[in-house]
Every structure is written in C-alpha cells, then in structure tokens.
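Tertiary structure, described
The residues making up each chain are set out below.
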Amino acid sequence: MKIKQIFISLLFAMVAMTSMSYATEHQDTTSVATEESSTKRVYEPKSLSELASSFWQTTGINALLDTHDGETTADPRGSAYETELNWFQSSLGRIIMILIVFLLFYLAIAKGFEPLLLIPIAFGGLLANIPLANMGGEHGMLGIIYNMGIANEFFPLLIFMGVGAMTDFGPLLANPKTALLGGAAQFGIFGSLVGAVMIGFDLQSASAISIIGGADGPTSIFIANRLAPEMLGAIAVAAYSYMALVPVIQPPIMKALTTKEERRIVMKTLRPVHRLEKLIFPILVLVLSILVLPESTPLIGAFAFGNFAKESGVIDRLSDTMQNALINVVTIFLGMGVGSKLAADKFLVLETMGIMIIGLLAFSAGTAAGVIMAKIMNKFSDEPINPLIGAAGVSAVPMSARVVSKVGSEAKPGNILLMHAMGPNVAGVIGSAVAAGVLLSIFK
Amino acid sequence: MADVNNVVEALKFMVLGMGVVYLFLYILVVLVKVQASLIAKYFPENIPKIPTPPVGQTIDEDENRRVAAIIAAVSEFRKK
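Summarised in this report is the structure supplied together with it. Keep in mind the model is a prediction, meaning the values are calculated, not measured. Throughout this description, residue numbers start from 1 for each chain and increase along the sequence as written. In the order they appear in the text, chains get letters beginning with A and ligands get numbers beginning with 1. pLDDT decides what is reported in this predicted model: residues at 70 or higher carry local features, side-chain atom pairs at 80 or more are listed and counted, and totals for whole chains, interfaces and linings draw on all residues regardless. Derived side-chain values reflect all non-hydrogen atoms in the structure, with water molecules and hydrogen atoms excluded from consideration.

Section: the nonpolar core
Nonpolar side chains in soluble globular proteins generally cluster together in the buried interior. Take the buried Ala, Val, Leu, Ile, Met, Phe, Trp, Tyr and Cys residues and link them wherever side-chain atoms come within 4.5 Å; each set so joined is a nonpolar core. Exposure is judged per residue with a 1.4 Å probe applied to protein chains only, and the accessible area is read against the type maximum: over 50% gives exposed, under 20% gives buried, and values in between give partly exposed. Core analysis: the biggest nonpolar cluster contains 137 residues, and Phe 190, Phe 281, Ile 355, Val 404 and Ile 430 of chain A have the highest contact counts within it. In terms of residue count, the dominant contributor to this core is helix H23 (residues 418–442) of chain A (13 residues). By definition, residues are in contact when any of their heavy atoms lie within 4.5 Å. If we ignore the near neighbours within four places in the chain, the residues touching Ile 430 of chain A are Phe 169, Phe 281, Val 285 and Phe 303 of chain A together with Phe 24, Leu 25 and Leu 28 of chain B. Strands here mean DSSP runs of E at least two residues long; helices mean DSSP runs of H or I at least four residues long; both are numbered from the N terminus.

Shown next as structure tokens:
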C-alpha cells in the first residue's frame with residue numbers, strides 16, 4: 001500500500017518537474033524575445049493603496065476619463081499600424097459611439113429595421129469601443145473575424161452564394177424586361193460617383209463609396225477592399241445601414257415621383273416558368289459575365305453557383321445549408337467584423353460624414369432612377385407596369401421588393417406587387433455586380 | 001483644374017458603366033426570351049402538364065368511380 005502511494009507521489013513529482021521545466025524553458029524564450037516585458041513581470045510587494053490605485057488604472061471608468069493614458073487604436077493588421085489615440089477618440093468619441101450603438105439596437109429591436117444585420121453590427125461596434133480590451137486588434141476577437149473573411153473578401157462571396165441559393169428567378173424569367181429596371185437603379189452608383197468626385201474624393205475612393213448606391217452590402221465590401229481599403233469600415237457600415245433603412249428612405253422618394261393613379265396600377269399575373277428555364281438561367285448569366293466582364297465573376301460566380309445548386313433540385317442538402325446555416329454563420333461574422341469598424345477612432349472622422357452623405361444620395365438616386373425608368377416603360381409598354389416596382393431595382397433583396405409591395409397595397413389594398421418587384425430586385429443584384437466589375441476593370 | 005478633370009473622368013465612367021450594365025442586362029433579356037421560346041417549343045409538355053395530368057387523372061378516376069357508384073345506387077333504388 002505504502003509503496004503504491006510513494007510510487008504515485010513520485011510520478012506526480014516527475015510530472016510537475018517536467019511541466020515546470022517546460023514552463024521555464026518557455027519563459028526563457030519569451031524573455032529573450034521581449035526583454036522589456038520580462039523585467040516588468042518581476043513582482044514587487046505593494047501596499048494595499050498601491051494595489052487599489054493600480055487596479056483603478058485598469059478600470060474602464062479611468063480609461064474613459066483619462067485622456068492621456070497612451071491607449072492605441074486597434075488594427076487587425078497588427079500593432080505596426082496602431083497609433084496613439086487622441087483625447088477625443090479615447091474618451092468622448094467612445095461614449096458617442098456607444099450611444100450610437102444603443103440607437104442602432106433601438107432601431108433594430110423596436111422598429112424592426114433589418115435586425116439580422118443591425119444587431120450583429122451594432123454589438124460588434126459596442127465591443128470595438130471597449131477601452132483597453134483591444135478587441136479589434138490582431139489578436140482580439142473582432143480582429144480575428146475581420147482578418148478571417150472581410151480583409152480577404154471571403155465573407156461577401158459566401159453571402160452572395162447564400163443569396164443565390166435563396167433567390168427565385170421565376171418572376172424575372174416570366175417578365176424579362178423588368179430586368180432593365182434593375183439596370184436603371186445602378187444610375188445611383190455612377191451618379192454619386194460624379195458627386196463624390198465633386199466633393200473632393202479621388203476617383204478610386206469615389207468609386208468605392210458610390211457602390212453603396214447599389215444597396216448591396218457584400219458588393220460594397222468587395223469593391224472597397226480592392227479600391228479603398230482604408231475606407232472599408234465606413235463604407236460597409238453605410239451600405240448596411242442604408243440596407244436596413246430601406247423602409248424609411250425609399251417610400252418618400254417613390255411617392256414623390258409617382259401619382260396616386262400610377263401607384264394603383266395592377267399588373268398582370270406572371271406566367272408559370274418552365275423548370276429548365278430556371279435551371280439554365282444561372283449558367284446563362286455566368287457565361288455572359290465571363291464573356292463580357294470576367295472582373296465580376298467572383299461575385300456572379302458565387303451567386304450563380306448558389307442558384308444553380310438550388311435549381312438543380314438534386315442537392316437540396318447543400319442548397320439548404322447555403323440558404324440557412326452557412327449564410328447565418330457568415331452573417332454573424334460579417335456583422336461583427338463590420339461592427340469592429342465602428343470604433344470611435346475609425347468612425348468619427350470627417351470622411352465618414354462624406355461617405356454617409358454620398359451613400360444616402362447614391363441610394364436615393366438609384367431608387368429615383370428606377371422609378372423614373374419604370375414610368376417610361378409604362379408609357380411605352382402594352383402591358384401595364386406599376387412604376388413603384390422600379391424602386392426595387394436597388395439590390396437590397398428582398399427588402400426593397402417588400403417595401404414596394406407595401407407602398408403598392410397602401411395605394412390600392414389587395415394589389416400585391418411583391419412578385420413583380422422581385423424581378424427588378426434580383427436583376428439589381430446582377431446589375432450592381434456588373435457595375436462593380438466595370439469599376440474594377442477601370443482601375444485594373 | 002485637377003478637380004475638373006476628375007469630374008470629366010467620373011462622367012466618362014458613368015457613360016461606360018451604365019452602357020455596360022444596360023448592354024449586359026439587354027443581352028440577358030434577349031437570351032432569356034430566346035431561351036423561353038426554345039424551351040416552350042422543344043419541351044412544351046413538361047411544365048403545366050407534369051404536375052397537373054396525374055392530379056387530373058386521379059380526380060377523374062375518383063370522379064368516375066363516384067358517378068358509377070351513384071348510378072349503381074340509383075338503379076338499385078329504382079329496381080325496388
């Protein structure tokens with residue numbers, strides 16, 4: 001019995017020794033690597049008051065109040081890119097941003113503005129504004145998420161895949177000419193490009209900002225990464241907040257540009273669409289973009305793959321994953337990663353104001369161009385076209401189609417425009433991907 | 001001066017961009033129409049009839065049986 005005990009205790013001692021030797025070895029290497037930090041680690045006895053004051057130094061209250069504590073910005077690219085915060089960024093700015101985040105929570109929960117996007121983004125913003133925690137840094141949670149899929153444009157493509165798998169091109173195939181409305185809405189992109197240049201942005205940044213007019217978050221991130229990576233945060237936040245604000249921004253523009261009679265127009269029911277048409281369509285779009293604009297194929301390719309997986313009808317498991325599990329996971333990560341750019345030092349700069357304003361103009365111009373185009377089509381077409389559906393040409397799928405349907409049924413109860421609006425809506429996704437490809441090809 | 005040039009450049013982008021977007025969508029619309037007419041020509045039966053005929057037949061059969069049953073019942077009743 002005793003022998004057994006001795007043996008076990010010896011075994012424990014050996015294990016402890018080896019782990020200690022590992023630990024010391026490890027400490028040696030780290031102390032060689034960073035001599036400064038190892039000297040700090042030596043603990044000196046402290047009085048209780050010293051302990052209390054050193055604890056006070058590490059509290060958030062102190063970090064928010066003390067404006068000269070040498071805090072640095074958090075940058076997912078690594079500490080080499082981090083700079084010291086100024087007094088505004090380290091105290092008041094953070095408080096302002098946290099209040100903005102609470103406003104976003106309110107909009108998402110109480111008003112129901114696209115909570116799927118706004119809540120992850122806003123919470124990411126809340127985490128990014130915590131002092132001292134450095135969550136947006138290279139080794140912080142938000143920084144890791146950012147590097148994982150936003151900095152390398154991966155998440156936007158996955159989102160496109162999921163959107164492709166969710167999209168039903170039936171309405172577009174049944175009434176193909178509504179696709180042209182999706183093109184008109186891209187005027188928002190190019191019109192605001194001119195506006196941004198007038199304000200004083202250079203051409204590349206202006207192009208990146210103006211993509212917000214497509215109301216397409218993934219495309220905006222994709223383009224901003226290529227053309228103006230330093231503005232990515234503000235552009236992504238602007239794009240997603242305008243997507244969330246579709247129900248607020250669009251209806252006044254739609255109502256201003258149409259008469260009540262026009263809003264009341266009832267459209268013909270759509271013809272049924274052959275399954276083969278739906279199956280061939282994604283391939284058709286992809287082939288066309290390969291021939292015309294290979295620059296846009298990352299986006300359109302992912303989109304076409306998702307849609308083809310759905311329409312093939314034989315890999316429901318995969319298309320189901322793309323539509324649900326995958327896109328949900330990516331939405332969480334994308335939201336939090338975008339939210340990390342709501343840190344006060346990145347967001348509360350003058351450029352952000354410019355980006356938000358141009359984004360809003362771009363978005364409104366896109367909506368207006370779509371509606372005007374639909375009015376023109378209505379004049380020349382033998383079938384009646386409700387001009388409202390032009391507003392769905394911005395590619396916020398399916399929110400803008402829903403908004404169109406809502407405004408339409410307000411003007412004439414029982415007039416359901418949802419399926420008619422889906423045509424321009426999905427064409428808008430293709431259109432903004434094409435517009436993105438054009439802009440990329442210019443700066444290649 | 002540089003600003004003015006940039007604005008002109010941006011306008012050129014606009015012309016090119018809108019042109020390409022419209023060209024792309026227009027070709028797409030044409031192709032979709034061609035595709036729809038081809039499919040309607042060579043695979044005309046598939047869409048409305050694959051779902052409906054089986055349903056229609058079963059309904060018809062049921063209906064026939066029901067009618068037969070009613071006739072039989074009525075004739076049985078009259079015989080009495």
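Further notes follow.
Examining helix H17 (residues 275–292) of chain A
Over its 18 residues, H17 of chain A extends 26 Å from the first C-alpha to the last, a length consistent with the 26 Å expected when each residue adds 1.5 Å. A bend of about 30° at Phe 281 of chain A is the largest found in H17 of chain A, and the proline Pro 282 of chain A appears one to four places after it. In this scheme, a helix's expected span is set at 1.5 Å multiplied by one less than its residue total. Two axes define the bend at a residue: one fitted to the seven residues ending there, one fitted to the seven starting there, and the bend is the angle between them.

Description of the interface of chain B and chain A
One frequent convention defines the size of an interface as the accessible area lost when the parts assemble. Contact with chain B, which involves 28 residues of that partner, is made by 41 residues of chain A. With both sides pooled, the region where chain B packs onto chain A buries about 3,100 Å², and carbon together with sulfur makes up 87% of that total. Any Lys or Arg side-chain nitrogen located within 4 Å of an Asp or Glu carboxyl oxygen qualifies as a salt bridge. If you look at where chain B meets chain A, you find 0 salt bridges. Under the rule applied, a polar contact is a pair of N or O atoms within 3.5 Å (in protein, one hydrogen donor and one hydrogen acceptor; residues adjacent in sequence only if both atoms are side-chain atoms). Seen at the junction of chain B and chain A, the total is 4 residue pairs in polar contact (both at pLDDT 80 or more). Of all elements in the fold, only helix H1 (2–42) and helix H2 (46–49) of chain B reach the threshold of two or more residues within the side of chain B that touches chain A. Of the residues forming the side of chain B that touches chain A, the biggest block, 25 residues, is contributed by H1 of chain B. Taken together, the residues of the side of chain B that touches chain A break down into 22 nonpolar, 4 polar and 2 charged. Defined here as a combined quantity, buried area equals the accessible surface (1.4 Å probe) lost by two parts on assembly, summed across both. Three classes are used: nonpolar for Ala, Val, Leu, Ile, Met, Phe, Trp, Tyr, Cys and Pro, charged for Asp, Glu, Lys and Arg, and polar for all others, with Gly counted as polar.

Re unusual backbone geometry
Peptide bonds are mostly trans, and most non-glycine residues show a negative phi. All names here are of chain A. Unlike most non-glycine residues, Asn 134 shows phi in positive territory, near 55°. Inspection of the secondary structure assignment puts Asn 134 in the loop between helix H6 (115–128) and helix H7 (141–150). You will see that Glu 153, though not glycine, has its phi angle at about 70°, which is positive. Inspection of the secondary structure assignment puts Glu 153 in the loop between H7 and helix H8 (154–166).

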